[in-house]
Amino acid sequence: VPSKPILTDVRYGSTRLAGPTAKIRWAGDSLTLGIASMSFSEQKNLVFRYRLWGLEDKWSETRTQEVRYTELSPRSYRFEVACLNLSSGRMSPVASFDINITPPWFMTRIFFALAILSVLSLAGLLWRWRVRRLVATQRELEALVFQRTQELNMRLRQPEQLQAEDERANHA
């Protein structure tokens, strides 16, 4: 049975991570994991099988001693790696590393809730402004119609008044 692989170097961007677990703030950087095997005599027959739970379910294989993941989303991941001896088909115990990438402030649920609330508030304010403008325009039009109606009524009364004055003058 091949020996359990060792994680020689774990980096998120330029930040070196230590321990079996790490919590780091999202920065859009790459996660780079250095791996090695203590089975030096069987190095030609060894491949590393690895996967990153939270991103992939299936095992991948490589002969290189570095695995890189780019643009990981904020969430929890578990990197698992094992050595596979190709000649015997035997697999080593699994080594793992847990990483929790926390979201920046603009990717949090609170931010999304506040953004939605802001958009809804802005839409409400625009709607109220629009309704007020429509009501003001309606009042202006009503006042204009009232004024024009009064002017028309005055013009219609003028001939009647002139005719009434003429009749009075003729009777006198």
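Whatever comes next refers back to the structure up there.
Below is a short write-up of the structure. These numbers were taken from a predicted model, which means no experiment stands behind them.

### What about the overall build of the protein chain?
- Each helix and strand counted, the protein chain has one helix and nine strands in total.
- Secondary structure elements of the protein chain occur, N-terminal to C-terminal, as β-β-β-β-β-β-β-β-β-α.
- Here the protein chain, with 172 residues, has 24% of them falling under the buried criterion.
- Counted over contacts in the protein chain with a minimum sequence separation of 6, partners at least 24 positions apart contribute 60%.
- Surface accessibility of the protein chain: about 12600 Å² in total, with carbon and sulfur atoms responsible for 56%.
- When the 24 basic and 17 acidic side-chain charges of the protein chain are each reduced to a single mean position, those positions are 11 Å apart.

### Points about the sheet that holds strand E1 (residues 6-12)
- An order of E2-E1-E4-E7 is seen for the four strands of this open sheet, with the pairing classed as antiparallel. Both edges of this open sheet fall to strand E2 (15-17) and strand E7 (66-69), since each of them pairs with a single strand only. Taken over all neighbouring pairs, the strand axes of this sheet differ in orientation by 20 degrees on average, direction set aside.
- Here E1 pairs with E2 via three bridges, running antiparallel. Residue Tyr12 lies in a different strand from E2, and its bridge partner there is Thr15.

### Thoughts on unusual backbone geometry
- For Glu71, which is not a glycine, the phi torsion comes out positive at approximately 50 degrees.
- Mapped onto the elements, Glu71 comes out in the loop between E7 and strand E8 (76-85).

### Here we look at the nonpolar core
- Among the nonpolar cores identified, the biggest contains 23 residues, and Leu17, Leu31, Tyr69, Phe79 and Ile99 are the most heavily contacted of them.
- Of all the elements in the fold, those that place two or more residues in this core are E1, strand E3 (21-25), strand E4 (31-36), strand E5 (46-53), E7, E8 and strand E9 (95-102).
- Dropping the residues within four chain positions of it, Phe79 is found in contact with Leu7, Leu33, Ile35, Tyr50, Arg51, Leu52, Val67, Tyr69, Ala95, Ser96 and Phe97.

### Re the pattern of salt bridges
- Using the criterion set out here, one finds six salt bridges in the structure.
- Across the pair Glu66 and Arg68 runs a salt bridge whose closest N-O atoms are separated by 3.3 Å.
- Overall, the relative accessible area of 43% leaves Glu66 in the partly exposed class.
- Overlapping salt bridges, with partners in common, bring together Asp9, Arg11 and Arg16 in one network.

Cut-off values and rules
Residues numbered from 1 in each chain as written. Predicted model: local features only at pLDDT ≥ 70, side-chain atom pairs only at ≥ 80, totals over all residues. Heavy atoms only, no water. Helix = DSSP H or I, 4+ residues; strand = E, 2+ residues; numbered from the N terminus. Buried < 20%, exposed > 50% of the residue type's maximum accessible area, 1.4 Å probe, protein only. Contact = heavy atoms within 4.5 Å. Areas by Shrake-Rupley, 256 points an atom, 1.4 Å probe, with all protein chains shown as cover. Lys, Arg positive; Asp, Glu negative; His and termini not counted. Charge placed at Lys NZ, Arg CZ, Asp CG, Glu CD. Pairing = 2+ DSSP bridges. Axes fitted to C-alpha atoms, helices over the stretch in contact; angles between N-to-C directions. Core = buried A, V, L, I, M, F, W, Y, C linked by side-chain atoms within 4.5 Å. Salt bridge = Lys/Arg side-chain N within 4 Å of Asp/Glu carboxyl O.

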